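# Observations on the model geometry
What follows is the residue order along each chain.
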Amino acid sequence: MKSTSFASSAAALSALALLPQLTTAFYLPGVAPTSYKPGDAVPLFVNSIKPMAAQDARLHSVLSYDYYDPRFGLCQPENGPKYVSESLGSILFGDRIMTSPFDLKMGQNESCIKLCTSTYDTDAAHFVNTRISKGFALNWLVDGLPAGQNLYDELTGSHFYSPGFALGFVPPGDPPEPVIFNNHYDILIEYHKVRGHNDQLRVVGAVVQPSSRAYPPEQSNLDCHSSQDVEPVVLSQDVDHKTDVTFTYSVYWTESPTAWATRWDKYLHVFDPKIHWFSLVNSAVVVVFLTLTVASVLFRALRKDIARYNRLDQINLDDLSGADGLEDGVQEDSGWKLVHGDVFRTPSRPLLLSVLLGNGAQLFAMTGATICFALLGFLSPSNRGSLGTIMVFLYTLLSFVGGYVSARVYKSMNGEQWKLNIASTPLLVPGIVFATFFFLNLFLWANGAAGAVPFGTMLVIVAIWFVISVPLSVAGSWLGFRAKALEPPVRTNQIPRQIPPTTTYLKPIPSMLLVGILPFGAIFVELYFIMSSIWFSKIYYMFGFLFLCYGLMIITCAAVTVLMVYFLLCAENYHWQWRAFLAAGMSAGYIFINALIYLVSKLSLGGLSGTVLYIGYSALLSFLFFILTGSIGFFSSWWFVRKIYGSIKID
C-alpha cells in the first residue's frame, strides 16, 4: 500500500512539474508557430485575385478569379500548381489557396530572380487592363501571414499592413495614361528569433512592393534595381499585337523585435478609431437610456393598472356602479384587461409562425455562441475560415434547439399538423437559404469566378444538412411535442371579441417602421465596419464591440416590441403574435435599405452579375436577420403578456 501511494504521489509531482511545459506548448489548432532554421524553405502560397478599393476609393467588382487563370498569365510552378487543403469556411468565403513558383529560403536574400515570360494577346491584355482599372489585387500567404502593403494612416500617425497588393495601377492624368502592369515583386519578410534558440526563426511580417519594369528582350542579365528611368510594362490592346512580359522577384529578410504572438497586430488596423469609439459609446448611451425610460414608464403604468384592476375585483358589483369617475376612467382608458379572453387565442397561420420562431431561436443561439467563441480567441484571423466553419458547425448542432422550440410553440398554439411542423422546421428556412445561395452561385460559375463554391462542397453541405441537421431537428421536435404545453394563465373565450378601430401609429406598417428603426440604430455603426470587411476584403476582429452591439440590439428589440404590444392591448387589439414578430423583424428591412445606400455610395458595380450578387447576398442576410430579431420580439412579448395576465384576478 505504501509503495502504491508513493508511486501515485510521484506521478502527481511529475505531472505538476510538466505542467508549465504543457501550457507553453498549447496552441489552438491551425495557429501553432512554425520555426525555421536558416536556409529552410518557407512556403509562399497564392490565393485568389480579389477586387479591392480602386484609386477612386470605390469597389468596382465583387467577383474574384483564380490566381492561375490563363488570362492573367501569371507564372506557375514547374510541376503545375496544387491546391492547399482548406476548411469548409475558407472555401465558402472564397479562398482558393495554391502552391507558387516562389522559392524562399529563411534568412537568405535573393535579387532579381526570373520566374517566367508570358505573352499577352489582345484579349488577354484587355482583360488584365480592365481588372487593373477596377482595383484588383494579388493575395499571397507567407507562413500563413497575408503579404500586403505597408501603408501610413495620416489621421492616427501609424503604419499598418494592408493585405493584398495591386495588380497594376492607372497613372493620373487627363487624357488618361495607359494602364501599367506590375511584373516585379520586392518581397520584404520580417523574422524573429526564438528566445534562447538563435537557430530557430519565425516569420512575423510580409510586405510586397510591386513595380513595373519592361526588360529588353535581348537582355540576359536582368537588372531589377537600376537607378535609371525604366519604362513600365504596358499591355498593348492593338489588334494582332502581342506583349511579352518577364516576371521577376527579389527577397529581403530583416530581423524584427515583433514577437510571433503579436505578429497580426500590424494587420489589424482601425481607420478613424475616435469616430468609431464616439459613435459606439453614443449609441450605447442612447439605447440604454431609451430602454430604461421605456421600462420605467411601462412597469409604473402596469403596476398601477394591476393594482386598480385587483381592487376593482374586490368591490361589490352594486358598489361598482356607483364608483367615482376615476375608477371608471381607469377601466375605459386601460383596456388591456378587457381582452383577457382573447389575448391567448391561436393566431393565424400558427404553423408558419412556429417554424420561423424555431429557426429564430436556432439563429439566436448560433450567433451568441459564435461571438463568444470569437471573444475567447478561437476565431483568430490566422486560422483561415474558422468563422464560417464554426457558424456551419454550430447551426447544424443547434438544429435540436430549433426543432424543440418550434414544437413547443406550435403545441402551445393548439396546432394539429404536428407532422408538417416536424418536417417544415429543418427544411423551410434552410431550404430558402440554400436555394438562394445556389442561385447566386450560378452567377459565379457563369462568370468563372474563384468565389464559386465547388459542386463537391455543395454536396458536402447537403449531406451535413440531411444527415446531421434534419435528424437533430426531428429529435428536438419529438421532445418538444412530448413536453407539456405552456398553458395560458387565463381562459380563452369561445367567441372572438370585436376589435375597435386603432390609431394611426398602431396600424401594422407605421408600428413596424417605428419599432424596427431602434434595434437598427443600436448596430448601425458596427454594421458599417462589417460591410466594409465583407466587400472590401478587410480583416474584421472587433468582436468585443460586436458583442456589446449584439447585447444592445437584444435589449432594444425586446423593450420596444413589448411597449408596442402593451399599447396594442390597451387599444383592445389582441392580435399581437404576428405584430410582435413583424415589427421587431422590420429592423432587417432597414438593414437592406442601408445595404442599398451602401451600394450607391461606396460601390460602383457596372455589370449585372455584380449587382445581382450584391443585392442577393444582402437580401439573404437581411432575411436571416428578420427571423432573428422577429423571434426576439415575439418571445419577449410572449413573456410579457403571460406575466401581466398572470398578475391579475380574472373571474
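Within each chain, residue numbers correspond to sequence positions counted from 1 in written order. Local features in a predicted model are, by the rule used here, given only for residues with pLDDT of at least 70; side-chain atom pairs are given and counted only at 80 or more, and totals for whole chains, interfaces and linings are based on all residues. Side-chain descriptors were evaluated using all non-hydrogen atoms of the structure, hydrogens and water having been removed beforehand.

Moving on: the pairing of strand β13 (residues 184-194). Between buried and exposed lies partly exposed: a residue is buried under 20% and exposed over 50% of the maximum accessible area for its type, with that area taken using a 1.4 Å probe on protein chains only. Secondary structure elements are defined from DSSP: runs of H or I of at least 4 residues count as helices, runs of E of at least 2 residues count as strands, and each element is numbered from the N terminus. With eight of 11 residues buried, β13 lies mostly within the body of the structure. At least two bridges found by DSSP between two strands is the condition for calling them paired. Inspection of the sheet shows β13 paired to strand β14 (residues 197-211) by 11 bridges, in the antiparallel sense. For Leu188, the partnering residue across the bridge sits in β14 and is Val207. Taken together, β13 and the strand that follows it, β14, pair antiparallel across an intervening segment of two residues, in which Gly196 is found at a positive phi of about 85 degrees. Strand direction decides the pairing type here: β13 and strand β15 (residues 243-255), joined by eight bridges, are parallel.

All right, on to the state of the cysteines then. Criterion for a disulfide: a pair of cysteine sulfur atoms at a distance within 2.5 Å. Within the structure shown, the criterion is met by one disulfide. In this model Cys75 forms its disulfide with Cys116; the gap between the sulfur atoms is 1.9 Å. Since a negative S-S torsion denotes a left-handed disulfide, the Cys75-Cys116 link at about -85 degrees is left-handed. Taken together, the residues Cys75 in the loop between β3 (50-51) and α2 (88-92) and Cys116 in strand β5 (residues 110-120) connect sequence positions 41 residues apart. The buried category is assigned to Cys75, whose relative accessible area is 7%.

A few words now on the confidence of the model for the protein. For the protein, per-residue confidence averages 83 on the pLDDT scale, and 88% of positions sit at 70 or higher. pLDDT: the predictor's confidence for each residue, scored from 0 to 100. Whether two residues touch is decided by their heavy atoms; if any such pair falls within 4.5 Å, the residues are in contact. Note that residues 1-30 has pLDDT below 50 and, in this model, eight contacts with residues that lie over four places away or in other chains. For the stretch residues 320-333, pLDDT sits under 50, and the model shows 11 contacts to residues farther than four places along the chain or on other chains.

To characterise two packed helices, one gives the angle between the axes of the helices and the distance between these axes. For helices, the axis comes from a line fit to the C-alpha atoms of the stretch in contact; other axes are also lines fit to C-alpha atoms, and the angle between any two N-to-C directions lies between 0 and 180 degrees. Running from N to C, helix α7 (residues 350-375) and helix α14 (residues 543-570) point in directions that differ by 150 degrees, and their axes come no closer than 9 Å. As the angle between them shows, α7 and α14 are arranged roughly antiparallel. Between α7 and α14 lies a crossing of left-handed hand. In contact with Phe364, Thr367, Gly368, Ile371, Ala374 and Leu375 of α7, α14 contributes Phe543, Gly544, Leu546, Phe547, Tyr550 and Ile554. Three classes are used, and their members are as follows: Ala, Val, Leu, Ile, Met, Phe, Trp, Tyr, Cys and Pro are nonpolar, Asp, Glu, Lys and Arg are charged, and the others, Gly among them, are polar. Taken together, the residues of the contact of α7 with α14 break down into nine nonpolar, three polar and no charged. Should an angle fall under 35 degrees it is called roughly parallel, over 145 degrees roughly antiparallel, and 65 to 115 degrees roughly perpendicular, with every other angle called oblique. Crossings are assigned a handedness: left-handed for a near helix turned anticlockwise from the far helix by less than a right angle, right-handed for a clockwise turn.

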